[in-house]
Amino acid sequence: IAERTEALREALALETRAKEVYRSFVVTVAHQFRTSISVIHLTAQRQVRSPEDALTPETRRRFGRILDAATRLERLISGFLETAVIERREMALHCSLIDFNAVASVAVAQTRTAHPERRLVCNFASTPLLVDGDAVLLEQVVLNILSNAVKYSGPADTVRIGTAAEGETILCTVSDSGCGIPEPALGAIFERYYRAPNAHRLPGLGVGLSLAAQIVGLHGGRITVASEEGRGTDFTIHLPKREPPA
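My aim in this report is to walk through the structure given alongside it, one point at a time. Keep in mind the model is a prediction, meaning the values are calculated, not measured. (Residues numbered from 1 in each chain as written. Predicted model: local features only at pLDDT ≥ 70, side-chain atom pairs only at ≥ 80, totals over all residues. Heavy atoms only, no water.)

### So, the state of the cysteines
1) Next: This model, assessed by the stated rule, comprises 0 disulfides.
2) Next: Cys172 supplies the cysteine sulfur nearest to Cys122, a cysteine that is in no disulfide, at a spacing of 9.5 Å. (Disulfide = S-S within 2.5 Å.)

Printed below as a string of structure tokens:
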């Protein structure tokens, strides 16, 4: 019993040290990213604020989109740095009453900009879907799932995204007809660093879905998945619905 207890203590100490190393790594990388993003943000801001005759309207519009994207990235990374967080699950939320349709629309626009050759079909609810949430973090969740759908499906395949209200819950489903997820892997895909056996041929670290599930969980929701290997995958985000203020 004493030997077993000592072995468990050593294993716990090793795990604790590993978590600290990982946390330090995340903070270091986030700092490096924030420095680069700050340069992009400052450059885009100067261009947007330049005299009217210095840029064409189209160029000014493009710099405005760069500025918006850099602002969102700065906010996201600052959230990581403020709480040092991924392992502690202490991510700071900045919540307000938002329309999830708008959140999904921003994620779709970013995905289309990154993958202009891919076909994305949207079917959003016709009425606002109000949630009490952090728009930047929820955008990151939808963007992550869309990015996975694009990555794990063929160039000619269509990726679909839809939103709807079901009782007291808001749903957002992203569907693809790609490689799918093997059934034995479905129970583990939200674990950090886990990647399905048929996903290793493509780049990735296995942290995106874990982070997405964590963010949705902090909003009182969950993410479910339905998939068939070789036929495609459906990811559905479930979030508590909020009623509009009186």
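### So, the pattern of salt bridges
1) Next: Under the definition given, this model contains 3 salt bridges.
2) Next: The salt bridge partner of Glu58 is Arg61, with a shortest N-O separation of 2.5 Å. In this pair, Glu58 and Arg61 both sit in helix 2 (residues 57-83), 3 residues apart, roughly one turn of the helix.
3) Next: Among the residues examined, Glu58 registers a relative accessible area of 34% and is labelled partly exposed. (Salt bridge = Lys/Arg side-chain N within 4 Å of Asp/Glu carboxyl O. Helix = DSSP H or I, 4+ residues; strand = E, 2+ residues; numbered from the N terminus. Buried < 20%, exposed > 50% of the residue type's maximum accessible area, 1.4 Å probe, protein only.)

### Thoughts on the nonpolar core
Side chains of a nonpolar character, in soluble globular proteins, are inclined to be buried together.
1) Next: Membership of the largest hydrophobic core comes to 35 residues, with the highest contact counts inside it found for Phe100, Leu146 and Ile237.
2) Next: Those elements that place two or more of their residues in this core are helix 3 (100-114), helix 4 (135-151), strand 4 (158-166), strand 5 (169-176), helix 5 (208-218) and strand 7 (232-240).
3) Next: Here the element with the most residues in this core is helix 4; it accounts for 9 residues.
4) Next: Ignoring anything within four residues of it in the chain, the contact list for Phe100 reads Leu129, Val131, Leu138, Val142, Thr163, Ile170, Cys172, Ile237 and Leu239. (Core = buried A, V, L, I, M, F, W, Y, C linked by side-chain atoms within 4.5 Å. Contact = heavy atoms within 4.5 Å.)

### Some details on the sheet that holds strand 2 (residues 119-123)
1) Next: A sheet is described by the order of its strands in space; here 5 strands give the open sequence 2-4-5-7-6, paired in mixed fashion. A single partner strand is all that each edge strand has here, and the edge strands are strand 2 and strand 6 (222-228). On average, each strand axis in the sheet is tilted by 15° relative to the strand beside it, whichever way the strands run.
2) Next: Taken together, the 7 bridges between strand 4 and strand 5 define a ladder with antiparallel strand orientation. Its bridge partner lying in strand 5, Gly162 is registered against Thr173. (Pairing = 2+ DSSP bridges. Axes fitted to C-alpha atoms, helices over the stretch in contact; angles between N-to-C directions.)

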